[in-house]
Amino acid sequence: MYDYLDEVLKKLVVQIYNAFSRFRSLRFDELHILSETQDLYAELERINTDAFFLIANYYYRAESQTVRTLDQAWLDRVLVTPSEVMKYSYASETTRKRDRLLEALIATKGSVAEIDKAMRYWTQMTGWFSVEVADQAVAQAREDIGVAEVMWCSEHDAKVCDYCWKLNKQVFRADTVPPKPHPNCRCWTVDVGRVVSW
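Predicted model only: the values in this text are computed from it and were never measured.

Scoring rules and cut-offs
- Residues numbered from 1 in each chain as written.
- Predicted model: local features only at pLDDT ≥ 70, side-chain atom pairs only at ≥ 80, totals over all residues.
- Heavy atoms only, no water.
- Core = buried A, V, L, I, M, F, W, Y, C linked by side-chain atoms within 4.5 Å.
- Buried < 20%, exposed > 50% of the residue type's maximum accessible area, 1.4 Å probe, protein only.
- Helix = DSSP H or I, 4+ residues; strand = E, 2+ residues; numbered from the N terminus.
- 1 Å grid on protein atoms, 1.4 Å probe; cavity = no way out; pocket = protein on both sides within 12 Å on 5 of 7 lines; lining within 4 Å.
- Points joined across faces, edges and corners; volume = space filled by probe spheres on them.
- Nonpolar A, V, L, I, M, F, W, Y, C, P; charged D, E, K, R; others polar.

(A) Inspection of the nonpolar core at higher detail. Ranked by internal contacts, the top residues of the largest apolar core, which has 48 residues, are Phe20, Tyr59 and Leu101. Within the residue set of this core, elements represented by two or more residues are α1 (3-24), α2 (33-64), α3 (72-80), α4 (90-108), α5 (112-145) and β3 (188-191). When residues in this core are grouped by element, the largest group, 13 residues, is from α5. Grouped together as the second largest cluster of nonpolar side chains are seven residues, Cys164, Leu167, Phe172 and Cys187 included.

(B) Inspection of unusual backbone geometry at higher detail. Positive phi, close to 75°, is recorded for Lys87, a residue that is not glycine. Along the chain, Lys87 turns up in the loop between α3 and α4. A positive phi angle is found at Lys169, which is not glycine, with a value near 70°. Within the secondary structure, Lys169 is located in the loop between α6 (162-167) and β2 (171-173). For Lys169, a relative accessible area of 58% puts it in the exposed group.

(C) Structural view of empty space enclosed by the protein. Throughout the structure, instances matching the rule amount to one cavity of 30 Å³ or more. As a volume, the largest cavity reaches approximately 50 Å³. For the lining of the largest cavity, the residue count by class is six nonpolar, two polar and three charged.

So, to be careful, I would describe these as geometric facts and stop short of saying anything about function.
Structure representation (structure tokens):
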């Protein structure tokens, strides 16, 4: 189900790497580090928001089979609402990650290792919330078209956790699907009433 998301993420990771590379090349200066860190995270949020918007509309249209698109207000609501999977919101986590890097840079006088760590954490969070956005877009489409029941589908490989495997092929009312148990969960649901081709 997440093939399109994976393609978007590949391009997104390059953009994230480039943004952090530009930041890494700056000379550490306590006077400017606050504004430079804020600028970096503003750019990262813009990059992610653009990608999340593409992801949301791709999955919404695929599920609803309409040309309607989700708007920025819809995406903003998803990003400020705490995720059942991560237990925090994207919006609050972006602020936390920015502030954590700023504090680490001040404490370490501009350590490149801290910048690299921040890039890894940002990239990981981006992947997790990309899945969250895709899942929320599918849920919105199902609500809009009145889907009644869905079936849980787990990957058939050694990486699937016991919790997800036990849910495999179980049918739920569309409004009572259990939350995914962990970030990076690759499970998905399908409308019992029709087959959707991803």
